[in-house]
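Chain by chain, the residues:
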Amino acid sequence: MKKVIITGSAGFIGFHTALRFLKEGFEVYGIDNLNDYYDPNLKEDRNKILEQDKNFNFIKADISKVEIKNKYHEINPELFINLAAQAGVRHSITNPEDYIKANIDSFLHIMEFAKDNKNLVRTLYASTSSVYGGNIRQPFQESHGVDHPLQFYAVSKRTNELMAHAYSNLYGTECVGLRFFTVYGPWGRPDMALFKFTKNILEDKEIDVYNNGNHSRDFTYVDDIVEGIYLSSISKKELIDSSFDSKDPSRSFCKSIIFNLGRGKPENLEDFIVEIENNLGKTAKRNLMPLQPGDVPDTSADISGLKDFSGYEPKTSIKIGVKNFIDWYKEYYKVNL
Ligand SMILES: NC(=O)c1ccc[n+]([C@@H]2O[C@H](COP(=O)([O-])OP(=O)(O)OC[C@H]3O[C@@H](n4cnc5c(N)ncnc54)[C@H](O)[C@@H]3O)[C@@H](O)[C@H]2O)c1
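Here is what the cut-offs are and how they apply
- Residues numbered from 1 in each chain as written.
- Predicted model: local features only at pLDDT ≥ 70, side-chain atom pairs only at ≥ 80, totals over all residues.
- Heavy atoms only, no water.
- Helix = DSSP H or I, 4+ residues; strand = E, 2+ residues; numbered from the N terminus.
- Expected span 1.5 Å × (residues − 1).
- Buried < 20%, exposed > 50% of the residue type's maximum accessible area, 1.4 Å probe, protein only.
- Arc of directions from axis to C-beta.
- Contact = heavy atoms within 4.5 Å.
- Phe/Tyr/Trp six-rings, centres within 6.5 Å; stacked < 30°, edge-to-face > 60°.
- Lys NZ or Arg CZ within 6 Å of the ring centre and 35° of its normal.
- UniProt positions renumbered as here; feature names shortened; annotations may be inferred.
- Axes fitted to C-alpha atoms, helices over the stretch in contact; angles between N-to-C directions.
- Parallel < 35°, antiparallel > 145°, perpendicular 65-115°, else oblique.
- Left-handed = near helix turned anticlockwise from the far one by under 90°.
- Nonpolar A, V, L, I, M, F, W, Y, C, P; charged D, E, K, R; others polar.
- Near = heavy atom within 4 Å.
- Polar contact = N/O pair within 3.5 Å; in protein donor to acceptor, adjacent residues only side chain to side chain.
- Areas by Shrake-Rupley, 256 points an atom, 1.4 Å probe, with all protein chains shown as cover.
- Pairing = 2+ DSSP bridges.

Novice: In this structure, what is going on with helix 11 (residues 318-332)? I would like to understand it.
Specialist: Structural remark: α-helix, 3.6 residues per turn; residues separated by three or four positions point the same way. A rise of 1.5 Å per residue sets the reference length of helix 11, with its 15 residues, at 21 Å; its end C-alpha atoms lie 20 Å apart and thus fit the reference within 8%. Looking only at helix 11, the buried set comprises Ile318, Gly321, Val322, Phe325, Ile326, Trp328 and Tyr329. End-on view of helix 11: buried residues confined to an arc of 160 degrees, all on one side of the axis. Exposed side chains of helix 11 directed beyond 90 degrees from the buried face belong to Lys319 and Glu331. At its buried positions, helix 11 is contacted by helix 2 (40-51), strand 7 (183-184), helix 7 (193-202), strand 10 (220-221), strand 12 (267-268) and helix 9 (269-280). Looking one or two residues beyond helix 11, the residue adopting positive phi is Lys334, at roughly 50 degrees.

Structure follows, in structure tokens:
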């Protein structure tokens, strides 16, 4: 049975990813420190579901500590998927040091492990659409410049991409970086818009709508994200970074590649809110606000690279995806409407 390490397994995307790899017959080693960035009960509850599977092994640990490498070697996986991180654009403005530890130190330990371990075939890691920063050319393509981050979260994720490139260039380490675009779905994060809007509408509180609602987002349902992760992990295609200068001598050795992982169909924030209202049967009280510092007005993903590499084809519309989230929310928080 193939072994995979999934960091951040008690997190939103890590949980869904772990379920999928269990279903595909992997022995899954989930690592998470269950920190309190948001309600740890939600993480514990996700973890309880995973622990019902005999092929799931949970390790509570902080992956920013260098000793974690010993654990990685002990497990000796074929595949490594790094989904643990300090997420959140806004938190990075007030707490940049959290991102150095959770996102950069941790990734260094993973790269060092990948360099030294002979059994590991491929490392996948989460990057973000935020690396496109102030870019206005849409849809975002992997070949576009990413030198204008608008906040430190984006800096930490872009740093991961550069680290993967350097390690791959030096040691031939296979790395696939996936730039996720606004992920939503059941068991979602309480600090993200869909969760906050749903909660506030149910409690008759105002919802803060930034940039006066003039946002569009390439909202991507979590099952599509997981499909993209899974297909990237099994693709047998050669890892060649098309944004790379073909004359670069390191190209022959470097096996680090980056893809957008989105739906490829941006939606207006207002349409997303209307979908929530329809499902709740209630109208939101909109508090129109200016653009938040560090926020990007619009995101749109060109997903042709990942389609070519893996056959990825997103399936879920916001109509279905928002309904699934709200059905889960009502059941989990025992809401009777
Ligand atoms: N959700 C999105 O829309 C989105 C968009 C772009 C990128 N991403 C990236 O996808 C990944 C998963 O995001 P998510 O939405 O599931 O977030 P999440 O916060 O729900 O999950 C991250 C998990 O990592 C764990 N973690 C954090 N620091 C750790 C550490 N030092 N040691 C061990 N565990 C640690 C947390 O406890 C949490 O359970 C992250 O890298 C995030 O930056 C998410």
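That shown, we press on.
Novice: Would you explain the packing of aromatic side chains in this entry?
Specialist: Following the criterion strictly, the structure yields 30 aromatic pairs and no others. Judged by centre distance (6.4 Å) and plane angle (40 degrees), the rings of Phe140 and Phe181 are tilted. Taken together, the positions of Phe140 in the loop between strand 5 (122-128) and helix 6 (152-171) and Phe181 in the loop between strand 6 (175-180) and strand 7 put the pair 41 residues apart, joining distant regions of the chain. Phe181 sits in the buried class, given a relative accessible area of 0%. Chaining the aromatic ring pairs together yields one cluster made of Phe15, Trp187, Phe195, Phe325, Trp328, Tyr329, Tyr332 and Tyr333. The residue whose ring lies beneath Lys43 is Tyr38, and the NZ or CZ to ring-centre distance is 4.6 Å. Lys115 extends its terminal NZ or CZ atom over the ring of Tyr171, reaching a point 5.5 Å from the ring centre.

Novice: It is not clear to me how the UniProt feature "domain: NAD-dependent epimerase/dehydratase" (unreviewed entry) in the chain should be interpreted in this structure. Could you clarify?
Specialist: UniProt annotation of "domain: NAD-dependent epimerase/dehydratase" (unreviewed entry) refers to residues 4-231 when read in the numbering used here. Overall, residues 4-231 shows 43% helix and 18% strand. The separation of its end C-alpha atoms is 14 Å.

Novice: It is not clear to me how the packing of helix 9 against helix 11 should be interpreted in this structure. Could you clarify?
Specialist: The relative placement of two packed helices is expressed as an angle between their axes plus a distance between the axes. For the pair helix 9 and helix 11, the least separation of the axes is 10 Å and the interaxial angle reads 45 degrees. Taken as axis vectors, helix 9 and helix 11 run oblique relative to one another. Seen from above, helix 9 lies across helix 11 with right-handed handedness. Contacts between helix 9 and helix 11 involve Asp271, Phe272, Glu275, Ile276, Asn279 and Leu280 from the first element and Ile318, Lys319, Val322, Lys323, Ile326 and Lys330 from the second. Considered class by class, the residues forming the contact of helix 9 with helix 11 number six nonpolar, one polar and five charged.

Novice: Would you take a moment to explain the site of the ligand for this structure?
Specialist: Around the ligand, 29 residues are found, and the nearest of them are Ile13, Asp32, Tyr38, Tyr153 and Lys157. The separation between an oxygen atom of the ligand and a polar main-chain atom of Phe12 is 2.9 Å. Tyr153 is positioned such that a nitrogen or oxygen atom in its side chain is 2.6 Å from an oxygen atom of the ligand. Taken by itself the ligand offers 820 Å² of open surface, and the protein chains cover 97% of this. Among the elements that take part in the shell around the ligand, strand 5 stands out by supplying three residues, more than any other. Looking at the shell around the ligand, its residues break down into 17 nonpolar, seven polar and five charged.

Novice: Explanation requested: the pairing of strand 4 (residues 79-82) in the structure shown.
Specialist: Across a regular strand the side chains alternate sides, sitting on one face of the sheet and then on the other. The side-chain alternation of strand 4 yields two buried faces, one formed by Leu79 and Ile81 and the other by Phe80 and Asn82. One ladder, built from four bridges, connects strand 1 (residues 3-7) with strand 4; its direction is parallel. Bridge assignment links Ile5 to a residue of strand 4, and that residue is Phe80. Judged from the four bridges that link them, strand 4 and strand 5 form a sheet pairing that is parallel.

Novice: Which parts of the structure should I look at to understand the environment of Pro314?
Specialist: Following the sequence through the fold, Pro314 ends up in the loop between helix 10 (304-310) and helix 11. For the pair Pro314 and Val4, spaced 310 residues apart in the sequence, the C-alpha separation amounts to 24 Å. Sequence-distant contacts of Pro314, defined by excluding residues within four places in its chain, comprise Asp224, Gly262, Arg263 and Ile303.

Novice: Which parts of the structure should I look at to understand the sheet that holds strand 5?
Specialist: Two strands in a sheet stick together by hydrogen bonds in their backbones, pointing the same way (parallel) or opposite ways (antiparallel). Read across the open sheet, the seven strands follow the order 3-2-1-4-5-6-11; overall the sheet is parallel. The open sheet has two edge strands with one neighbour each: strand 3 (56-60) and strand 11 (256-261). Strand-to-strand twist of the sheet, defined as the mean angle between neighbouring strand axes without regard to direction, takes the value 20 degrees. Inspection of the sheet shows strand 6 paired to strand 11 by six bridges, in the parallel sense. From the neighbouring strand, Gly177 faces strand 11, where its bridge partner is Ile258.

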